[in-house]
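If you want the building blocks of each chain, they are given just below.
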Amino acid sequence: MKSTNEVVARCEAGEISPPMALMELLMLTPDADVVGALVDELGRRSEGAAAMSDLFHEQEGGCRRIADMLNAGVDRPPQGATVEEGVAFCRTLFDWSVTQSEAASVALYSLGSPELLLAATNEIVELLRGYGLLNPQTRVLDLGCGIGRMESALAAQVQHIHGVDVSGEMVAAARRRTAGLSNVSVALSSGLDLQPLRDSSFDLMLAVDSFPYVMQAGWELAVAMFREAARVLRPGGELLILSFSYRGNREQDQKDARALADESGFELLVNGALPFRVWNGEVYRMRRGELQSARHALSSRR
Ligand SMILES: C[S@@+](CC[C@H](N)C(=O)[O-])C[C@H]1O[C@@H](n2cnc3c(N)ncnc32)[C@H](O)[C@@H]1O
């Protein structure tokens, strides 16, 4: 368990952004008055401290909302639950959180601010562009699409983007946000697989901060989702997982990503890089191998 001093020190050292630091402080002490007093007490002793204090006052309403959301106590996953129960927990959690704040429901560190969320989204779009993954032919699948922020941000740059989510309220929010974008579709999913999507029908599959919930529901679901990703991606298609788990153990996440990639025939291209400034999401980039596709073609012919 991190302490408030550690969070402050990481922000002052530039390891995490001021919004991430405020989110972590609120998670440690879900009381906006206490967090406000702490960042005020730090004064302007460093650039990081000043940025935290300025941001707190700019987004005070959002910080109070985040504290209320955390105090509601709905984000604690059931212990010893089955995969189905784990997925049902996610559905209830996100059905509720999107009614509290759309921006905060997909990224607590946005502190409920659409502008902060957009800054983080733009960094993800830049990463995808830098990887050469965005072009007018690209068909994208977005696992756990939430409110549809990636769909809105990517629609103009790809052929089609299809979002799936286990939460009906998230699906409704994503449909509202993307209404009028003819190359966006959004569907409710069981959370257990990628049915009814067809084999080899996507070039790119994204999981932006949704894979931690798959991991939380159980290793069995993580294996199933990787196999499904290998099924719905075309040979050479890519799977991009941004944030793997919430265990706080990057080494274990890297090992698990490698094991899952190996098991389902993905070549692991990037294993846990930290390229973002606003969000501290780690990047896991994989490419579906040709061998795996051949194996899959043979098994589906049998
Ligand atoms: C933190 S939000 C991120 C949403 C979106 N990717 C974004 O970054 O804006 C996580 C989302 O994953 C969805 N989710 C969690 N487990 C899922 C599963 N097994 N299948 C599909 N969606 C899932 C949740 O309902 C929620 O909308």
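Everything below is about the structure shown above.
These notes cover the structure that comes with them. (Residues numbered from 1 in each chain as written. Predicted model: local features only at pLDDT ≥ 70, side-chain atom pairs only at ≥ 80, totals over all residues. Heavy atoms only, no water.)

1. Considering the site of the ligand
Piece 1. Taken together, 19 residues surround the ligand, and among them Gly144, Arg149, Asp165, Gly191 and Val208 come closest.
Piece 2. The contact in question runs from a nitrogen atom of the ligand to an N or O atom on the backbone of valine 166, over 3.4 Å.
Piece 3. At a separation of 3.0 Å, a nitrogen atom of the ligand approaches a polar backbone atom of glycine 191.
Piece 4. Counting only elements with at least two residues in the shell around the ligand, the list comes to α6 (83-100) and α11 (211-217). (Near = heavy atom within 4 Å. Polar contact = N/O pair within 3.5 Å; in protein donor to acceptor, adjacent residues only side chain to side chain. Helix = DSSP H or I, 4+ residues; strand = E, 2+ residues; numbered from the N terminus.)

2. Structural notes on the pairing of strand β4 (residues 202-208)
Piece 1. In terms of burial, β4 is largely enclosed, as 7 of its 7 residues are buried.
Piece 2. Sheet topology note: the β4/strand β5 (residues 233-242) ladder contains 6 bridges and is parallel. Pairing of valine 208 across the sheet is with leucine 242, part of β5. (Buried < 20%, exposed > 50% of the residue type's maximum accessible area, 1.4 Å probe, protein only. Pairing = 2+ DSSP bridges.)

3. A word on the packing of helix α2 (residues 18-28) against helix α3 (residues 32-42)
Piece 1. Closest axis-to-axis distance for the α2/α3 pair is 9 Å, and the angle between their directions is 130 degrees. Put simply, α2 runs oblique to α3. α2 and α3 meet at a crossing whose hand is right-handed. On α3, the residues that touch Leu22, Leu25 and Leu26 of α2 are Ala32, Val35, Leu38 and Val39.
Piece 2. Grouping the amino acids of the contact of α2 with α3 by side-chain chemistry returns 7 nonpolar, no polar and no charged. (Axes fitted to C-alpha atoms, helices over the stretch in contact; angles between N-to-C directions. Parallel < 35°, antiparallel > 145°, perpendicular 65-115°, else oblique. Left-handed = near helix turned anticlockwise from the far one by under 90°. Contact = heavy atoms within 4.5 Å. Nonpolar A, V, L, I, M, F, W, Y, C, P; charged D, E, K, R; others polar.)

4. Some words on the packing of aromatic side chains
Both the distance between ring centres and the angle between the ring planes are used here to describe each pair of aromatic rings.
Piece 1. Going through the model one piece at a time under the given rule, you end up with 8 aromatic pairs.
Piece 2. For the ring pair phenylalanine 211 and phenylalanine 244, a centre distance of 5.1 Å and an interplane angle of 45 degrees mean the geometry is tilted. Of the two residues, phenylalanine 211 sits in helix α11 while phenylalanine 244 sits in the loop between β5 and α13 (250-263), which places them 33 residues apart along the sequence. For the pair shown, phenylalanine 211 and phenylalanine 244 are each scored as buried.
Piece 3. An angle of 50 degrees between the planes, with centres 5.3 Å apart, marks the rings of phenylalanine 244 and tyrosine 284 as tilted. Highlighted residues: phenylalanine 244 in the loop between β5 and α13 and tyrosine 284 in strand β7 (residues 283-288), separated in sequence by 40 residues. (Phe/Tyr/Trp six-rings, centres within 6.5 Å; stacked < 30°, edge-to-face > 60°.)

5. Comments concerning the sheet that holds strand β3 (residues 184-188)
Piece 1. Read from one edge to the other, the open sheet built from 7 strands follows the order β3-β2-β1-β4-β5-β7-β6, with strand pairing classed as mixed. Each edge of the open sheet carries a strand with a single partner, namely β3 and β6 (266-273). Along the sheet, successive strands turn relative to each other by an average axial angle of 15 degrees, direction set aside.
Piece 2. In the sheet, strand β2 (residues 160-165) pairs with β3 via 5 bridges, with the strands oriented parallel. Note that in β3 the partner of aspartate 165 across the bridge is leucine 188.
Piece 3. Along the sheet face, α13 touches β6 and β7 and points at about 170 degrees away from the line of β6.

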